[in-house]
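Coordinate analysis (summary)
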Amino acid sequence: MPIRQLSETMINQIAAGEVIERPASVVKELVENALDAGAVRVEIVTAGGGLNLIRVTDDGSGIPEPELALAIARHCTSKLAEDIHDIRSLGFRGEALPSIGSVSRLSIRSRTATSDSAAEIGIEGGRVLPVRPAAANRGTTVEVRDLFFATPARLKFMKGERAESSATSDVVKRIAIAFPAVRFTLAGSDRSTLELPATDDSAEGSLRRVAQVMGADFPDNSIAIDAMREGVHLTGHVSIPSFTRANALQQYAYVNGRPVRDKLIAGAIRGAFADVLPRDRHAVTVLFLTLDPAIVDVNVHPAKADVRFRDPGLVRGLIVGAVRQALADSGIRAATTGAAGMMAAFRPGAASYGHGGPANGHRSYEASYHASSPAGFDPARSPQRPLDMGFEGFDQRGLHENEQAAFDAGPLASADARAGQSEAAETLLGAVLGAARAQVHENYIVAQTRDSLIIVDQHAAHERLVYEALKNALHSRAVPSQMLLLPEIVDLPEEDAERLAMHSETLARFGLGIERFGPGAVAVRETPSMLGETNVQQLVRDLADEIADNDTVETIKGRLDKIAATMACHGSVRSGRLLKAEEMNALLRQMEATPGSGTCNHGRPTYIELKLADIERLFGRR
């Protein structure tokens, strides 16, 4: 087939294949256009998951009538000056409208603030309709009907109506977080209405918008981030380690106000939380990167979903360092969801109270059950008996204090250890984790503060303390290494061998001694002693892959930390060990002084806090 020039319609349909993947892509492009036009109110209406109808209405500056024809022509835009490296708007290519019009029935109705009337233009499958007068308020309304009718093959790849509607909701929420001063409404016959009222551009207003999108729990379980390094400014919020999700869908990242799904940023978030979260849990984050447009390239993906930084190591280091520092500075905090679950368990109906014997066969309960059930048990003497509502049974002996005293002198039913009978010192009650009151079931420390009740898992808490101490000892000096009897030669691609050689000094601090061994190979002469007999070939290849991806050597550090975690797990206070009052209080004070002690090495919470107000609500006092 000879080389020939493609038609304008074919060119637009090819561009649409890159930019318009699904209805959510259309909504994204149209909402970004509205925001670039200075809109403070954006309304989106969909039908049929967006395949039948998408209508986006804004109150922005509008498009003058003479420019409507240009607006639907390829590579025509008002957002880009002569410098491609100085992009300060969400859109800049001028491809979205002609691409959408080539695969759908598109109409644009717009009016500027200085115009007496509106004008409308349309495209049907790439065929441009003439401009005509119309009636409209200031702003622009873009209506897309019968999406992909001109390319029926694309319809076969669309998911169900509910999936497409959900994807559109996610796009709107993702954009809305970056523009808190704009009111967003998403409605239609295929969905429940989503309304996001405008707040303001302040830090408090931004957090209120985040709460609208991510739920009211997030602000109470998040830590503010604000850090600057070499002209790159990072702000936002990240969840505390005990507040997590099963996937990374609630990790939002923005570069100069543009929502992105960038692999480098996602990897940095994962690295920052690696020490405090289990592998199957993910942090909840909203991070904003602000930097000079000249040092970030947003023109690397057709849909502008990815970006490329001039110095990716700087950005990754800033995110990891800022998040870890914020986690350390935030002190010890428990997720409010833990208290909510605890309250749900305490509510009537949450457990069965009609058992006739020990619960779950637990030894502590079983012992107290049999101890309080002697032979010849008299129901009339039980403190759990129903109260006499009349006065006939009230005789000269008063309230039967002598009989009741027999029960008061018995053993405590649930406490394995008591933290002293006297009132806790006022200074201890004012501490974050308060004063230890008791140890129950030989594993849980019950503590009291001025306004809350705290339950601590002693094994999980001590495991984190031992782990942090081991890590500090491990990384405060060079890691001891062991010399290999014969150097291990690892064959690698030339570029991987070169990258490893460049990081040889850093690797040596972690106990891994490598050097170049001819072209495309490295010789490993020393390995960290803590690793014992390890697969050197696999370790070196993993390091080479990580350096290629992130320009870091976290793999070997992660392996050493994993060994430290295992040692901490086996060397910490075990469940079933009785602790004295002094030991319990000492453990609480160590937790308060140790960063990250709100979760254990495996990501489980080390304590749960129940506020006094919540307890009063359980008993109907509030």
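Described below are features of the structure shown in this document. (Residues numbered from 1 in each chain as written. Predicted model: local features only at pLDDT ≥ 70, side-chain atom pairs only at ≥ 80, totals over all residues. Heavy atoms only, no water.)

**Considering the overall build of the protein chain**
To be explicit about the condition: Where helices and strands are cited, they refer to DSSP runs of H or I of at least four residues and of E of at least two residues respectively, numbered from the N terminus. Working rule for contacts: check all heavy atoms of both residues, and any pair within 4.5 Å makes them a contact. Here the open area of atoms and residues is found with the Shrake-Rupley method and a 1.4 Å probe, where only the protein chains shown may cover a residue.
Each helix and strand in the protein chain was counted, giving 21 helices and 26 strands. Long-range contacts, defined as pairs at least 24 residues apart, comprise 68% of the intrachain contacts of the protein chain with a sequence gap of at least 6. On the protein chain, roughly 32200 Å² of surface is accessible, and the fraction owed to carbon and sulfur atoms is 53%.

**What about the layout of surface pockets?**
Cut-off, in case you're wondering: Cavities and pockets were defined on a 1 Å grid built from protein atoms only: a cavity is a group of points that admits a 1.4 Å probe but offers it no way out, a pocket is an open group of points flanked by protein on both sides within 12 Å along at least five of seven lines, and a lining residue is one with an atom within 4 Å of any such point. Grid points are joined across faces, edges and corners, and a volume is the space filled by probe spheres set on the points. Ten residue types, Ala, Val, Leu, Ile, Met, Phe, Trp, Tyr, Cys and Pro, are classed as nonpolar, four, Asp, Glu, Lys and Arg, as charged, and the remainder, Gly among them, as polar.
By volume, the second largest pocket amounts to about 980 Å³. Lining the second largest pocket we find 44 residues, and of these N256, G257, F288, L289 and T290 sit closest to its centre. Those elements that place two or more of their residues in the lining of the second largest pocket are α2 (23-36), α6 (161-178), α7 (203-214), β10 (222-229), β11 (232-239), β16 (285-290) and β17 (296-297). In terms of residue count, α7 provides more of the lining of the second largest pocket than any other element does, five residues in total. Residue composition of the lining of the second largest pocket, by class: 25 nonpolar, 10 polar and nine charged.

**Here's the deal with the packing of α6 against α7**
Worth spelling out the cut-off: Here an axis means a line fitted to C-alpha atoms, over the contact stretch when the element is a helix, while the angle between two N-to-C directions is reported on a 0 to 180 degree scale. Roughly parallel refers to an angle under 35 degrees, roughly antiparallel to one over 145, roughly perpendicular to one between 65 and 115, and oblique to any angle outside these ranges. What makes a crossing left-handed is the near helix being turned counterclockwise from the far one by less than a right angle; a clockwise turn instead makes it right-handed.
It is at 9 Å that the axes of α6 and α7 come closest, and there the two elements cross at 170 degrees. The angle between α6 and α7 falls in the class roughly antiparallel. The handedness of the crossing between α6 and α7 comes out as left-handed. Across the interface between the two elements, K173, A176 and I177 of α6 pack against R209, V210, V213 and M214 of α7. Residue composition of the contact of α6 with α7, grouped by class: five nonpolar, no polar and two charged.

**Some details on helix α16 (residues 494-502)**
We apply this condition: Burial classes follow relative accessibility: with a 1.4 Å probe on protein chains only, a residue under 20% of its type's maximum area counts as buried, one over 50% as exposed, and anything between as partly exposed. The arc under discussion is defined with respect to the helix axis, by the directions toward the C-beta atoms.
Regarding α16, the residues found buried are D496, A497 and L500. The arc that holds every buried residue of α16, seen down its axis, measures 100 degrees, which confines them to one face.

**Points about the packing of aromatic side chains**
The test is simple: Put simply, two rings from Phe, Tyr or Trp (the six-membered ring, in Trp's case) pair if the centres are within 6.5 Å, and we call them stacked under 30 degrees between planes, edge-to-face over 60, tilted for the rest. When the NZ atom of lysine or the CZ atom of arginine is within 6 Å of a ring's centre and also within 35 degrees of its normal, the charge is said to sit over that ring.
Scanning all chains against the criterion turns up one aromatic pair. Note on Y254 and F288: the rings are 4.9 Å apart at their centroids and 15 degrees apart in plane angle, and the pair reads as stacked. Residue Y254 is located in strand β13 (residues 251-255), and its partner F288 is located in strand β16; the two are separated by 34 residues in the primary sequence. A single burial state applies to Y254 and to F288, both of which are buried. Positioned over the ring face of F149 is R105, at 3.9 Å from the centre of the ring.

**Topic: the packing of helix α9 (residues 263-272) against helix α10 (residues 312-329)**
To describe two helices that pack against each other, one gives the angle between their axes and the distance between the axes. At their nearest, the axes of α9 and α10 sit 9 Å apart, and the two run at 30 degrees to each other. As for how α9 packs across α10, the hand of that crossing is right-handed. Of the residues in α10, those in contact with L264, I265, G267, A268, I269, G271 and A272 of α9 are P312, V315, R316, I319, V320, V323, R324 and L327. Here the residues of the contact of α9 with α10 are counted per class, giving 11 nonpolar, two polar and two charged.

**Regarding the sheet that holds strand β24 (residues 513-516)**
We apply this condition: What makes two strands pair is DSSP finding at least two bridges between them.
Reading across the sheet, the three strands line up as β23-β25-β24 and stay open at both edges, with antiparallel pairing between neighbours. Here the strands that pair on one side only, and so sit at the sheet edges, are β23 (481-491) and β24. Across this sheet, the average inter-strand angle for adjacent strands is 20 degrees, counted without regard to direction. Pairing of β24 with strand β25 (residues 521-528), which is carried by four bridges, proceeds in the antiparallel orientation. When the bridges of β25 are listed, E515 appears paired with A523. Lying over the sheet, α16 contacts β24 and β25, oriented at roughly 130 degrees with respect to β24.

**Quick notes on the sheet that holds β13**
Across the sheet, five strands lie side by side as β10-β11-β16-β13-β14; this open sheet has mixed pairing. Edge strands, defined here as strands with exactly one partner in the open sheet, are β10 and β14 (258-260). Averaged over neighbouring strand pairs, the angle between their axes works out to 20 degrees when direction is ignored. Across five bridges, the pairing between β13 and β16 is parallel.

**Observations regarding α7**
In an α-helix there are 3.6 residues to a turn, and that puts residues three or four apart on one side. Here is the rule we go by: An expected span of 1.5 Å times one less than the residue number is assigned to each helix.
Its 12 residues give α7 an end-to-end C-alpha distance of 16 Å, which sits within 8% of 16 Å, the value for a rise of 1.5 Å per residue. Considered for burial, the residues of α7 that qualify are G205, S206, R209, V210, V213 and M214. Buried residues of α7 fall within an arc of 160 degrees about the axis and therefore sit on the same side. Of the surrounding elements, those touching the buried residues of α7 are α6, β8 (183-188), β9 (194-196), α8 (217-220), β13 and β16. Note on α7: the residue one or two positions beyond its end, G215, has a positive phi of about 105 degrees.

**Remarks on unusual backbone geometry**
Positive phi values are uncommon outside glycine, yet D146 reaches one of about 55 degrees. In this structure, D146 sits in the loop between β7 (139-145) and α5 (152-155).

Coordinates in, geometry out; function isn't part of it.
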